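Chains, contacts and geometry: an overview
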Protein chains: 2
Amino acid sequence: MTINTTPPELPRVTTGPLPASSKIHVAGRLHREIRVPMREIALHLSAGEPDLRVYDASGPYTDIEAAIDTAAGLSRPREAWIATRGDTESYEGRRIRPEDNGRDAASGKLRPFPRAHAPRRARGDRAVTQLAYARAGIVTPEMEYVAIRENMGRDAALARARDGESFGAAIPDHVTPEFVREEIARGRAIIPANINHPELEPMIIGRNFLVKINANIGNSAVTSSMEEEVEKMVWAIRWGADTVMDLSTGRDIHDIRDWILRNSPVPIGTVPLYQALEKVGGIAEDLTWEVFRDTLIEQAEQGVDYFTIHAGLRLHHVPLTIDRVTGIVSRGGSIMAKWCLHHHRESFLYEHFEEICEICRRYDVSFSLGDGLRPGSIADANDAAQFAELETLGELTQIAWRHDCQVMIEGPGHVAMHKIKENMDKQLACCDEAPFYTLGPLTTDIAPGYDHITSGIGAAMIGWFGCAMLCYVTPKEHLGLPDRDDVKTGVITYKIAAHAADLAKGHPGAQLRDDALSRARFEFRWEDQFNLALDPDTARSMHDETLPKDAHKTAHFCSMCGPKFCSMRISHDIRSEAQKEGMAKMAEKFREGGALYLPKAEA
Amino acid sequence: MTINTTPPELPRVTTGPLPASSKIHVAGRLHREIRVPMREIALHLSAGEPDLRVYDASGPYTDIEAAIDTAAGLSRPREAWIATRGDTESYEGRRIRPEDNGRDAASGKLRPFPRAHAPRRARGDRAVTQLAYARAGIVTPEMEYVAIRENMGRDAALARARDGESFGAAIPDHVTPEFVREEIARGRAIIPANINHPELEPMIIGRNFLVKINANIGNSAVTSSMEEEVEKMVWAIRWGADTVMDLSTGRDIHDIRDWILRNSPVPIGTVPLYQALEKVGGIAEDLTWEVFRDTLIEQAEQGVDYFTIHAGLRLHHVPLTIDRVTGIVSRGGSIMAKWCLHHHRESFLYEHFEEICEICRRYDVSFSLGDGLRPGSIADANDAAQFAELETLGELTQIAWRHDCQVMIEGPGHVAMHKIKENMDKQLACCDEAPFYTLGPLTTDIAPGYDHITSGIGAAMIGWFGCAMLCYVTPKEHLGLPDRDDVKTGVITYKIAAHAADLAKGHPGAQLRDDALSRARFEFRWEDQFNLALDPDTARSMHDETLPKDAHKTAHFCSMCGPKFCSMRISHDIRSEAQKEGMAKMAEKFREGGALYLPKAEA
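Residues numbered from 1 in each chain as written. Chains lettered and ligands numbered in written order. Predicted model: local features only at pLDDT ≥ 70, side-chain atom pairs only at ≥ 80, totals over all residues. Heavy atoms only, no water.

In the nomenclature of an unreviewed UniProt entry, chain A corresponds to Phosphomethylpyrimidine synthase from the organism Limimaricola litoreus. For the record of chain A, the UniProt heading Function (unreviewed entry) holds the text "Catalyzes the synthesis of the hydroxymethylpyrimidine phosphate (HMP-P) moiety of thiamine from aminoimidazole ribotide (AIR) in a radical S-adenosyl-L-methionine (SAM)-dependent reaction." Database annotation for chain A, UniProt heading Catalytic activity (unreviewed entry): "5-amino-1-(5-phospho-beta-D-ribosyl)imidazole + S-adenosyl-L-methionine = 4-amino-2-methyl-5-(phosphooxymethyl)pyrimidine + CO + 5'-deoxyadenosine + formate + L-methionine + 3 H(+)". (UniProt positions renumbered as here; feature names shortened; annotations may be inferred.)

As a further point, take the packing of aromatic side chains. Per the counting criterion, the structure on display carries 26 aromatic pairs over all chains. Ring geometry for Trp235 of chain A against Trp239 of chain A: centres 5.6 Å apart, planes inclined by 85°, an arrangement best described as edge-to-face. Trp239 of chain A shares its class with Trp235 of chain A; the two are buried. Cluster of aromatic residues (ring-pair linked, three or more members): Trp289, Phe292, Trp339 and Phe348 of chain A. Of note, Lys421 of chain A hangs over the ring of Phe465 of chain A, and the distance from its end group to the ring centre comes to 5.9 Å. The side chain of Arg314 of chain B reaches across the aromatic face of Tyr350 of chain B, ending 4.0 Å from its centre. (Phe/Tyr/Trp six-rings, centres within 6.5 Å; stacked < 30°, edge-to-face > 60°. Buried < 20%, exposed > 50% of the residue type's maximum accessible area, 1.4 Å probe, protein only. Lys NZ or Arg CZ within 6 Å of the ring centre and 35° of its normal.)

All names here are of chain B. The contact between helix H15 (residues 451–465) and helix H16 (residues 484–505) brings their axes to 8 Å, and the two run at 25°. The angle between the axes of H15 and H16 places the two elements in the roughly parallel class. When the axes of H15 and H16 are compared, the crossing they make is right-handed. Contact residues: H15 offers His452, Ser455, Gly456, Ala459, Ala460, Gly463 and Trp464, while H16 offers Thr489, Thr493, Tyr494, Ala497, Ala501, Ala504 and Lys505. For the contact of H15 with H16, the residue count by class is seven nonpolar, six polar and one charged. (Axes fitted to C-alpha atoms, helices over the stretch in contact; angles between N-to-C directions. Helix = DSSP H or I, 4+ residues; strand = E, 2+ residues; numbered from the N terminus. Parallel < 35°, antiparallel > 145°, perpendicular 65-115°, else oblique. Left-handed = near helix turned anticlockwise from the far one by under 90°. Contact = heavy atoms within 4.5 Å. Nonpolar A, V, L, I, M, F, W, Y, C, P; charged D, E, K, R; others polar.)

Residue and element names in this part refer to chain B. The antiparallel open sheet is built from three strands, whose spatial order is E3-E4-E5. Taken across any chain shown, the strands that pair with only one partner, and hence form the sheet edges, are strand E3 (21–27) and strand E5 (52–55). Each strand axis lies, on average, 45° off the axis of its neighbour in the sheet, ignoring direction. The sheet contact formed by E3 and strand E4 (residues 35–41) spans seven bridges and is antiparallel. Among the inter-strand pairings, His25 is bridged to a residue of E4, identified as Pro37. (Pairing = 2+ DSSP bridges.)

Of the two same-sequence chains, chain B is brought onto chain A (RMSD 0.0 Å, axial shift 0.0 Å) by a rotation of 180°. Both copies of the chain, as the preceding transformation shows, are related through a two-fold rotation axis. Within chain B, the C-alpha atom positioned nearest to the axis of rotation is that of Ile457 of chain B, 2.4 Å from it. Most of the interface of chain B is mirrored in chain A: 100% of its interface residues are interface residues there too. (Least-squares fit on C-alpha atoms with pLDDT ≥ 70 in both.)

Residues and elements named next belong to chain A. The element helix H3 (residues 141–151) is largely enclosed, with a buried count of eleven among its eleven residues. Buried residues of H3: Pro141, Glu142, Met143, Glu144, Tyr145, Val146, Ala147, Ile148, Arg149, Glu150 and Asn151, and no others. One or two steps after H3, the chain reaches Gly153, where phi turns positive at roughly 85°.

This next bit is on the interface of chain B and chain A. Facing 119 residues of chain B, the contacting portion of chain A comprises 120 residues. Between chain B and chain A, roughly 10100 Å² of surface is buried when both sides are summed, and carbon and sulfur atoms account for 70% of that area. In this assembly, chain B and chain A are joined by four salt bridges. We note a salt bridge from Glu545 of chain A to Lys476 of chain B, for which the minimum N-O separation is 2.8 Å. Viewed at the interface, chain A and chain B are joined by 20 residue pairs in polar contact (both at pLDDT 80 or more). With ten residues, the single largest contributor to the side of chain B that touches chain A is H16 of chain B. Its residues assigned to classes, the side of chain B that touches chain A comprises 57 nonpolar, 38 polar and 24 charged. (Buried area = accessible area lost by both parts, 1.4 Å probe. Salt bridge = Lys/Arg side-chain N within 4 Å of Asp/Glu carboxyl O. Polar contact = N/O pair within 3.5 Å; in protein donor to acceptor, adjacent residues only side chain to side chain.)

So, on to unusual backbone geometry. Residue Gly440 of chain A is joined to Pro441 of chain A through a cis peptide bond whose omega torsion reads 10°. With respect to the helices and strands, Pro441 of chain A occurs in the loop between strand E16 (436–439) and helix H15 (451–465). Note that the residue after Pro412 of chain B, namely Gly413 of chain B, is joined by a cis bond; omega there is 10°. Of note in the backbone geometry, Asp432 of chain B takes a positive phi value of approximately 50° without being a glycine. Relative to the helices and strands, Asp432 of chain B is located in the loop between helix H14 (420–430) and strand E16 (436–439). Using a relative accessible area of 31% as the deciding quantity, one classes Asp432 of chain B as partly exposed. For Glu433 of chain B, which is not glycine, the phi dihedral falls at a positive 70°. In this fold, Glu433 of chain B is placed in the loop between H14 and E16.

So, about the environment of Ser455 of chain A. All names here are of chain A. Residue position: Ser455 is located in helix H15. Separated by 19 residues in the primary sequence, Ser455 and Thr474 place their C-alpha atoms 9.1 Å from one another. Not counting the four nearest positions on each side in its chain, Ser455 is found in contact with Gly440, Pro441, Leu442, Val473 and Tyr494.

The next point concerns the UniProt feature "domain: ThiC-associated" (unreviewed entry) in chain A. According to UniProt, the "domain: ThiC-associated" (unreviewed entry) feature falls on residues 17–89 of chain A. Structurally, residues 17–89 of chain A comprises 11% helix and 27% strand, and the distance from its first C-alpha atom to its last is 37 Å.

Time to look at the sheet that holds strand E3 (residues 21–27) of chain A. Residue and element names in this part refer to chain A. Spatially, the three strands line up as an open sheet ordered E3-E4-E5, and their pairing is antiparallel. If you trace the sheet from one side to the other, it starts and ends with E3 and strand E5 (52–55), each paired once. Direction aside, the axes of adjacent strands within the sheet are offset by 45° on average. In the packing of H3 onto the sheet, the strands contacted are E3, strand E4 (35–41) and E5, and the crossing angle to E4 comes to about 15°. This element, helix H17 (residues 511–522), spans E4 and E5 of the sheet and lies at about 135° to E5.

Attention shifts here to the side chain of Thr443 of chain B. Looking at the secondary structure, you find Thr443 of chain B in the loop between E16 and H15. In this structure the side chain of Thr443 of chain B is engaged in a polar contact, spanning 2.9 Å, whose partner is the backbone oxygen of Thr454 of chain B. Not counting residues within four places of it along the chain, the set of residues in contact with Thr443 of chain B comprises Ala500 and Leu503 of chain A together with Ile378, Val415, Ala416, Met417, Ile420, Thr454, Ile457 and Gly458 of chain B.

Residue and element names in this part refer to chain A. Tracing the backbone shows Arg103 in the loop between strand E6 (88–90) and strand E7 (120–122). Separated by 170 residues in the primary sequence, Arg103 and Leu273 have C-alpha atoms spaced 15 Å apart. With residues near it in sequence (within four places) discarded, Arg103 still touches Glu278, Lys279, Val280 and Gly281.

Residues and elements named next belong to chain B. A two-sided burial pattern is seen for strand E14 (residues 366–369), the buried positions comprising Ser366 and Ser368 on one face and Phe367 and Leu369 on the other. Bridging between strand E13 (residues 306–309) and E14 involves four bridges; their strand directions are parallel. Along E14, the bridge assignment pairs Thr308 with Ser368. Handedness of the β-α-β unit built from E14, helix H13 (residues 384–402) and strand E15 (residues 407–411) comes out right-handed. (Right-handed = clockwise from strand over helix to strand, strands pointing away.)

Right, let's get into the pattern of salt bridges. All names here are of chain A. One pass over the full model with this rule turns up 92 salt bridges over all chains. Note that Arg314 is salt-bridged to Glu346, the shortest N-O span being 3.1 Å. Taken together, the residues span a long stretch of sequence, with Arg314 in the loop between strand E13 (306–309) and helix H10 (331–343) and Glu346 in the loop between H10 and helix H11 (348–351) at a distance of 32 residues. With a relative accessible area of 18%, Arg314 lands in the buried category. In this structure Glu346 comes out as buried when scored by relative accessible area, which is 14%.

Printed below as a string of structure tokens:
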């Protein structure tokens, strides 16, 4: 792992492959131009076991053949795909205003992204969304791309009988481009892919696909910079984040987003309300539909792939939060509640929702309908306020679908284990199976500093029950802004939750990696075991702490027990012997004497 | 938190109370001499909110009034209780032999525990177990002690309607000494309490009580020392470990256990087979019933509270493991399998099980029937080998009960989420509701370095389903021997899992701490929030990283968002205003102007 050297004022990002890994690309069949990236982990020590391909969200940063220049941004494979469709036009676009970077005196000093981006939009009133294409029976390059990505490993796995409980999900043995099209047309999955984000490597979010995770980054008025945030994005996807939300609420908010988007191969989500609030100096009451609408267009032209829109929080919901232990804990939700009460008017997001759809369909910005009334404590889970908003989100889903807009639904929050499934079931019912995207949920309130774990428990469970994407929580939740280490811890924890969910749902290919790692463990192929781990660096360094010598990386005993107490060595000997001679003969031999049990080295 | 200063060759252990906490003691009613420790967390900043009492496993080490001298050991409150029963006698006991500390050349150099312990045993063939007393209708001091401990907080909580899904557990509103007696008599709960461990602060393990956690410590041939292990024990209980297992497999195994037992207020468990194997120089085939029996008596006289006995692994089970991905991963299981195959004989543990019961009943050593065939990988979960052994453990449970011995059952292991409940259901059925005690289970194999998290997910779920005690897994699992930091991480992770399970099961008092912490969070009482956390030190230090100034510890905004974006501040204002005037009037006022929304400082 190396740090590429760009001039100091440019973001320095982490590049280079993960241990024993190389980037391969699989070409399309319907669309020969697409090249789907996968990571291939070499099993150096195995006796003829094939190298393992794993899903790879890390983008060109882990490709030794890719030249990384954060000032130029990533290459733009989707440009040609979009042009070919012939239903969009490039245009001058909105002129950037000073307030786009906030009214903070210190704003505007950041170097803008060097390469100006010429925005595109739909011609006339065309819908250029993946949903519109899917409904028209078109299999786009994006759809074939995610089909190849999701299908990885399944054919190898199908030898084994499928095993799992999917709670009504319909996970196919084989993912075809046509299956992807059907799921999108049905509204059961989305491909967040703004036409102004041509750097994107498409991915899909839906209950019948692999469970995905999102990592939140972004500066605040209190801390952080553009350079840190771009590296956080690259760092988050290196460890497996499938999408990244830029939740910046500080200065230079427009320019930071430009730097992130132009360098991001994963979908970028935002909460446009945050920037709109900055434009009116942080006074919620001064927000207007016009300022918000202008912000949507600004961000759609930049290439934001999905918007969190808190249109489900309505004036009459707010009194339902009065007796809560923790009131309203969603930032967007509290801002809109404040606005509604001050003006004693219905939310402008709700009233103008169809106009928001008109904007999103012209750029293919997906909706992430925000849960402004999610519970912020165990005591508030599954209450009237939360579920009243969820029903409104169901209405809005139908409206967005009428406009050919892709939709997912945000969910809680803080929920004890016995109340998690009700959240999933209600969401599927209210929102007609639109993908669910939850924050955790946290299963207890008593462990600040460890909320990646309190929430990883709930995330694994709701992912199993059918949640399509899990928004990570870092150890700093409730306490501070996550740094680079917190981002990694949050991502790895959520990769664990998502993978545990895939196993329990019975995704055909999911167990291949568990089996490969367990075989390596059983056969004392330490290096293979490290390289197959979600975090090879940490696995290796922990082993080094106890058994530093390289010799021990080939030791035929587990460092936790020492040679005499190594259950694996003993049972490995039992098994290999049994395979040679069968159990009965073996027992004879054992009676003759224990030579078999000498350490391999001495045998 | 201070380190007490004993001479260098003695263990230096962590003492002193946790932040804002003091030790209180609640006296018994049936048994006036018992003093049940609880931790009281002072809420300095709350407006009249009562201080919160929490369960306290940390022993005298967190009591400012206790004088700690590791060379003298802890005081012995149970000595009088046991003497009063008049059914035991003190005797000379077994003479210590050199091999008790292992045949390793470097053994025997450790300073023995200075104060010789005069062992007691039952008079004649009396059973001196809590089970025998419970069946006789006797409520022992130990039973009243745990009733007071478990009942803490429930009366306060009962104002709220109960909420939870307990899957057939029968958790009472109020825990009485008589309820404890009934549960023990029924075999549904145990109080591990060897008559030779008078330093013990009794605790109970059962499905109708709070979910407990165990922390494993112990040296190995590869690493560690007595001083480290004693401090690991003290450190583990400081953070909430309810029992500690000494899994030492290295040198000085007898003396290290003496140091641990004499300084431990929590039950100590062991796997006697490990020491027996050391006595025969690590050659499994050389193990004999006589060596094993002698080891049981040695450890029973020292005061070990529960024994892991792998008597459920039988000769005919071994072939069932041949096609497994990871064979036999239990150390005790693999040693016994090796012995059975070598001699082609039934396990001496199985054949002599009734004699083992005879020993346990004379000292009240509880059984922890070992799962020698637990799965070591996702691929091997819930297989024929695992469940065949579980059925044998059910037979052995009935035999142990006939001998008035207390029993719990050990469980897996590596199990994907959709297979966890089957483990719980089968265990309840096979073992007639004897308490279940599981290792994790780990819900995926792909994250070495993070197995506290892969297993914390499974532990929370199986705890919810009815598992009585959760054996922690540290980040070093599969990689190395846990150090002090790993022990803390493992304990906190498992306290989270156990508490999440208590919430989901609907324990009446469980949510009090969540609610108190969430109120503190909502009211910006940062110090109260830290002090109520499972790990106040980490919570405080993470907040300091982002907002170091003390002033910020009273800040009316969340450090993650900064002042303009603080949802809690906004909704707090909304709520307090609503409480003053009611929602309708408030809306009027909002229209007049937003003065309400000035920061508290300016208001």
